[in-house]
Each structure stands twice: as C-alpha cells, then as structure tokens.
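These are the residues of each chain, in order.
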Amino acid sequence: MDTIFALATARGKAGVAIIRISGPASHDAVRHLAGDVPEMRRAVLRTLRSGGEVLDQGLVLTFCEGSGFTGERAAELQLHGSTAVTSAVLKVLSGLPGLRQAEPGEFTRRALENDRLDLAQVEGLADLIDAETEIQRKQALRVLSGAIGKRVLLWRDKLIRAAALLEATIDFAEEDVPVDVAPEVLEILDTLLAEFRAETDGVRIAERVRDGFEVAIIGRPNSGKSTLINMLAGREVALTSDVPGTTRDIVEVRMDLKGLAVTMLDTAGLRQTDDRIEQLGIGRARARAEAADLRVFLMDEAGLPDGMRPVPGDVVVRGKADLGASGPAVSGLTGEGVQELVDQISAELSGRVAGSGTLTRERHRVALMRGIDALEAARIEVSKTAARTEIAAEDIRAAIRALESLLGGIGVEAVLDEVFSRFCIGK
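Reference entry: report on the structure contained in this document. (Residues numbered from 1 in each chain as written. Predicted model: local features only at pLDDT ≥ 70, side-chain atom pairs only at ≥ 80, totals over all residues. Heavy atoms only, no water.)

Each helix and strand counted, the protein has 13 helices and 11 strands in total. Burial status across the protein gives 50% buried among its 427 residues. A fraction of 63% describes how many contacts in the protein between residues 6 or more apart in sequence connect residues 24 or more apart. Summed over all atoms, the accessible surface of the protein reaches about 20600 Å², with 51% contributed by carbon and sulfur. (Helix = DSSP H or I, 4+ residues; strand = E, 2+ residues; numbered from the N terminus. Buried < 20%, exposed > 50% of the residue type's maximum accessible area, 1.4 Å probe, protein only. Contact = heavy atoms within 4.5 Å. Areas by Shrake-Rupley, 256 points an atom, 1.4 Å probe, with all protein chains shown as cover.)

Now the structure itself:
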C-alpha cells in the first residue's frame, strides 16, 4: 500500500500548519526529516532537515498500527504555518520512495477500510467539518461518536434472535417443538417496525438541521418584507422603496437563529399585475414559499395576500408596526417586534427538531425503508396459519442486510466515491 501525505490544515499563512503522513513508509519519512522516530504518541520538538538543509523546527508525532486516525502506521508534523515552510516539506516528502500526495478524503477512507470508522461515522465527520451552528455541531458529533452504529447493532441483535427462533423450527421440523415461536417473533417484528418508521419520519428534520431550514417572508407589495429582512440580516441585502413591486426576484439571507441554520427568503409582493416581469417574480415567490419549511405572513390593512393561506406552524403578524399597526406587529424600520418574531420562528423550528431521530441522510432513510419492506413481508409469513418459516427467515436476513448497508458493511460501493469526494485533500 502506498504511503500518503497531505497538508491537513488550510492553505495560506497561519500560526501552525499540520502535515499528515499515513502508510508503511511514514516512519521512514520521519526518520529522513528528523533523524530518528520519536516515541509513539508523544509530541517531540525536532529540527527537520533534508540533504543537510534546515527546513523548519516543529513538533513530530508518530503512531503505530491501530492507534492513529487511519489505523495505519502514521505521523504528523506540526510546523510553522508559512507557505514557504509547508511547500518545502511537501516537496521533500514527494521525492521520497513510496510516498505520494493523498487524494480527497483518502485518510478518512483508510480509516473506514481499517475499521476505525463506519460509513455513518464518516458522514458524521463530513457534517462536523461543514457545521456552521451549534445544533449542526451537536447532531454531527452524535453521528461521529457512533450513535447510528450502536442503534443498528441493537436492531441487528433483535433480528438475529427472531431469525434464530424461526430457523429452530425449520431445523426441528420432524420433531415436536414444544414452544410456538410466532408470538415472540411477531413482538420483535412489531417493535422494530415501529422504531424503523419513527426513524424514517425523523430523517427529513435531521436533513434540515444539516442543510438549513428555509423561512419565506410573504405579503402584499410594500408590506415591509424587504425592510424586515434587512433588519434581520443586520445589513442592506434587499432594495427598499415605497414603490410597490420593487422586489422581483428572491433575496436569500443565511443566518444562525439560536443554533439553527436558517435561510430567510424575501419574496416578491403577491398581487394581481399586468407587468410580465413582476408576474414571473410573483410566480417564483409562490413556488418558493410553498416549498419553504415555514412562512411569515406580513399583513397590511387589506389582510392576507391573495392565493395563499397560513398552515399550522406558520407565523402571521402585521407589518410596519412603526405606523401604529394593532395586534402582533413587527417593524423592520425600528426593530419593534423583531426579537419576538425571531423567538417565535426559533421556537417553532426547535420544536420540529425535537422530533428528529438518529438517522440524518436520505441514504439512511432508503436503507431503513428496505428493512421495513422486508419486515412487513416477514410478518405476513409468520402470521399465516400455515407459516412459511423459511421465507420469513429469509425476509429477516434481508432486513439485516439493509441495516448493515447503513454502516458500510455491504452494498455501498456506489456511494463511497460520492462520500469521499466531498472531503478536503488532508482529510
């Protein structure tokens, strides 16, 4: 196997730069640069040289097989973070026999191949690197810590128990089996079906936590939508005017609302118009608002905009509170009611997040749906008067295979390249 190396920190000037090396020749590379191989897993200050030339002075860390991130013999060089230093050391490493530059995600892929991480943990690591908010961080860290793997193993043990009960009746078909196994098997299947369905229902919310919720601000023209989104963003992102129909396209602002990643959408005012360009903007506004996770309706003296009505979870307030609007109202000009609006949006979305489960991706949902289909088929066979236990046992084994695909055990070759292509070179 090749020994790979890469800069694990961001390129450019920094206080410290880390170069990661993994593979059978990693300690030879350290010996070439530092003169010897320090004690495993202990950071030691060394002067790095090549051909008698001093390259830098930095910390050297070495790992034996099974102790580092990739599970291979490995090393890390913690250098001064100048472009010149890292370039010089990388150039020396590229000239050593058996070493080559790592590909994107290759360190993490080796960790998967060496059973240091399962595939769900790899996805959790990618999410942790991309996390922008506190809730995204917590969700990604939960997956990285192995929460999905632990859940899958518990489910797998129960399915193995059910399959074993059925197979016992097959093995002893010619003998008297004193216990009817059907009630216990059905109890296991019913329990797991309920848990699987709850998990699949929670995947969409978990995906929104990772990718961000969308909140659309909608209302009639000149109801204060653009002024409000400018106030929420803390800067002028949308053009404001007292001329109705100023907003033609959708303006998006990404923000952190109490730990949740939220994209606020300023949309065209909803009204009847003969202006073709404004009609296009209104069409886009309606489509995007209908697809949004939550809508904020800004009412004016004419009430709600034509053609759209709030659904449970949406927020309805009056705009331009600075002009004396009665009832719940908000003003993007003075800030009146803005904090209350943010609190209401955050509370609604946080309540939805509470319904998310352990699984976080569409791939997870699809795998679990395959498991549900297999368990439903098994349940039908077990429930029959003349139960076909061989078929039921095979259905349960199919459910086990679906669960194993969550962790990368089988049937995931097609998704590996896609997963690792999203990593940076040094990860």
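A few words on the packing of aromatic side chains. Per the stated rule, a full pass over the model turns up 1 aromatic pair. Ring centres 4.8 Å apart and planes at 65° place the aromatic pair Trp155 and Phe196 in the edge-to-face group. With Trp155 in helix 6 (residues 147-171) and Phe196 in helix 7 (residues 182-211), this pair connects stretches of sequence that are 41 residues apart. Owing to a relative accessible area of 0%, Phe196 belongs among the buried residues under this scheme. Positioned over the ring face of Phe107 is Arg20, at 5.3 Å from the centre of the ring. (Phe/Tyr/Trp six-rings, centres within 6.5 Å; stacked < 30°, edge-to-face > 60°. Lys NZ or Arg CZ within 6 Å of the ring centre and 35° of its normal.)

Time to look at unusual backbone geometry. For residues besides glycine, phi is generally negative; the peptide bonds are generally trans as well. With phi around 65°, Asp115 is a residue other than glycine that occupies positive phi space. Tracing the backbone through its elements, the reader meets Asp115 in the loop between helix 3 (106-113) and helix 4 (119-130).

Here Gln121 is to be found in helix 4. Judged by relative accessible area, Gln121 falls into the buried class, the value being 13%. Ignoring sequence-local partners within four residues, the contact set of Gln121 consists of Arg116, Val143, Leu144, Ser145 and Gly146.

Attention now goes to the packing of helix 5 (residues 134-144) against helix 7. The N-to-C vectors of helix 5 and helix 7 enclose an angle of 125°; their axes lie 8 Å apart at closest approach. Comparing their axes, helix 7 and helix 5 come out oblique. Considering the relative orientation of helix 5 and helix 7, their crossing is left-handed. Across the interface between the two elements, Ile135, Gln136 and Gln139 of helix 5 pack against Ala206, Val209, Arg210 and Asp211 of helix 7. A breakdown of the residues in the contact of helix 5 with helix 7 according to their chemical character gives 3 nonpolar, 2 polar and 2 charged. (Axes fitted to C-alpha atoms, helices over the stretch in contact; angles between N-to-C directions. Parallel < 35°, antiparallel > 145°, perpendicular 65-115°, else oblique. Left-handed = near helix turned anticlockwise from the far one by under 90°. Nonpolar A, V, L, I, M, F, W, Y, C, P; charged D, E, K, R; others polar.)

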